[in-house]
Amino acid sequence: MENIALVVGASGITGSNLAKKLISKGWKTYGLARNPDHEIKDLQPVAADLLNVDSLKSALAEVAPTHVYITSWMRNETEAENIRVNSLMVRNLLEVLTQNEKRSVQHVALVTGLKHYLGPFEAYAKEGFLPETPLREEHPRLDIENFYYAQEDEVYAAAARAGFTWSIHRPHTVIGKAVGNMMNLGTTLAVYATICKETGRPFIWPGSAAQWNGLSDVTDARVLAEHLIWASTTEAARNEAFNVVNGDVFRWSWLWKQLAAYFGIDAVGYEGTIRPLEVEIANDGPLWQQIAERYNLKEPNLARLASAWHTDLDLGRPIEVMTDMSKSRKLGFTVFQRTDESFYDLFAQLRAGKLIP
């Protein structure tokens, strides 16, 4: 039977890398987004609004996916609104896909993240929410509102109703190429480093002492893509939740210097206080326009490349954060990626795509 994928959020870091990987493996692949990416070769674009059932019914009328990969979410002002909106998106999608005549869906994979263990944005960088690390899949849910839990529950309910299998994927910070993404630490640091190089400013660590000195890990978007495909096609991985990271650990006190050296700039480490990147580059929009004009870059809008708010939350956490991958390893997932090379590969892609000089 032919494998037919529907990638929901195909224009983002996770979705676009997953779509490319599926296509390279011979899958017929549809990419659903409000504004679909038309640049991925052989991707079948599907324009739809996940909050509008009629929009979904119309857009998916002729689509019969065997595997659904949900990589999309929408940021809102409060966690209560995050829960309402993001659970509704999942519910609408799965109702449309499982209540039509085709009933083609065999597996649904949902991408969430480490806020499953750390709490929502309003809480996870603050004292008081300090889970035991390394983070393991068997850690219980926090007694707090969390839209990841609401999304999971929608998948579980639809699976019970329609009979498909599922997998939950919890990456750490995802490193990969995308434009207009609201959580993009790798590209944010590349843009910041470029600004530092062009102006002679030092490359200042924006985060906490705990993150500077502690162990950490990240998730290469290409590793996440492989993990999504593996879990959705491996019998032993059915109906399970998984952490997914590169497989190595590092300290930012080491990696920060490596990133600075790549760009030929001076690195400044933790000096006793957090120095938010959102403040550091707050007035650099006009400067980035000038840099884009000087080097004929494709994206002159700093806000479409840099998500300083998210980078500050990640690097400002009061504890070291790394994850345990033994559950996936034990079941046979062996893909590994060096983290410094994840960043170097991303920077090379950004240069090739004329997004940084």
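To start, this report covers the structure provided alongside it. (Residues numbered from 1 in each chain as written. Predicted model: local features only at pLDDT ≥ 70, side-chain atom pairs only at ≥ 80, totals over all residues. Heavy atoms only, no water.)

## Description of the overall build of the protein
Point 1. Tallying secondary structure elements over the protein gives 14 helices and 13 strands in all.
Point 2. For 357 residues, the compact-globule formula gives about 21 Å, and the C-alpha radius of gyration of the protein, at 20 Å, lands near that figure.
Point 3. Burial status across the protein gives 57% buried among its 357 residues.
Point 4. Counting only contacts in the protein whose residues sit at least 6 apart along the sequence, the fraction spanning at least 24 positions is 78%.
Point 5. Only carbon and sulfur atoms are counted for the fraction: they give 47% of the accessible area of the protein, which is about 14,900 Å². (Helix = DSSP H or I, 4+ residues; strand = E, 2+ residues; numbered from the N terminus. Rg over C-alpha atoms; globule rule 2.2 N^0.38 Å. Buried < 20%, exposed > 50% of the residue type's maximum accessible area, 1.4 Å probe, protein only. Contact = heavy atoms within 4.5 Å. Areas by Shrake-Rupley, 256 points an atom, 1.4 Å probe, with all protein chains shown as cover.)

## Overview of the pairing of strand β1 (residues 4-8)
Point 1. With five of five residues buried, β1 lies mostly within the body of the structure.
Point 2. Here β1 shows a buried face lined by Ile 4, Leu 6 and Val 8 and a second buried face lined by Ala 5 and Val 7.
Point 3. Pairing between β1 and strand β2 (residues 28-33): five bridges, direction parallel. Following the sheet pairing, Leu 6 is matched in β2 by Tyr 30.
Point 4. Regarding the hand of the β-α-β motif, the stretch spanning β1, helix α1 (residues 13-24) and β2 is right-handed.
Point 5. Summarising the sheet, β1 and strand β4 (residues 67-70) pair through four bridges and their orientation is parallel. Looking across to β4, one finds that Val 7 is bridged to Tyr 69. (Pairing = 2+ DSSP bridges. Right-handed = clockwise from strand over helix to strand, strands pointing away.)

## Some words on the sheet that holds β1
Point 1. Pairing is parallel across the open sheet formed by seven strands, whose spatial order is β3-β2-β1-β4-β5-β6-β11. Pairing within the sheet leaves two strands with one partner each, and these edge strands are β3 (44-47) and β11 (240-244). When strand polarity is set aside, the average angle formed by the axes of neighbouring strands in this sheet is 20 degrees.
Point 2. With four bridges connecting them, β4 and strand β5 (residues 107-111) associate as parallel partners. Across the sheet, residue Ile 70 finds its bridge partner in β5, namely Leu 110.
Point 3. The sheet contacts of helix α3 (residues 79-98) involve β1, β4 and β5, and relative to β4 the element is tilted by about 170 degrees.
Point 4. Packed on one face of the sheet, helix α8 (residues 221-233) meets β4, β5, β6 (165-171) and β11 and runs near 160 degrees to β11. (Axes fitted to C-alpha atoms, helices over the stretch in contact; angles between N-to-C directions.)

## What about the side chain of Thr 173?
Point 1. With respect to the secondary-structure elements, Thr 173 resides in the loop between β6 and β7 (174-175).
Point 2. On the accessibility criterion, Thr 173 (9% relative accessible area) is buried.
Point 3. Discounting residues that sit within four places of it in the chain, Thr 173 has contacts with Leu 185, Val 218, Thr 219, His 310 and Asp 314.

## Regarding the packing of α3 against helix α5 (residues 147-162)
Point 1. Direction vectors running N to C along α3 and α5 enclose 20 degrees, while the axes themselves pass 8 Å from each other. If you check the angle between α3 and α5, you find them roughly parallel. Handedness of the crossing formed by α3 with α5: right-handed. Along the contact surface, α3 presents Glu 79, Asn 82, Ile 83, Asn 86, Ser 87, Val 90, Arg 91, Leu 94, Glu 95 and Thr 98, while α5 presents Phe 147, Ala 150, Gln 151, Glu 154, Val 155, Ala 158, Arg 161 and Ala 162. (Parallel < 35°, antiparallel > 145°, perpendicular 65-115°, else oblique. Left-handed = near helix turned anticlockwise from the far one by under 90°.)

Treat this as a map of the structure, not an account of what it does.
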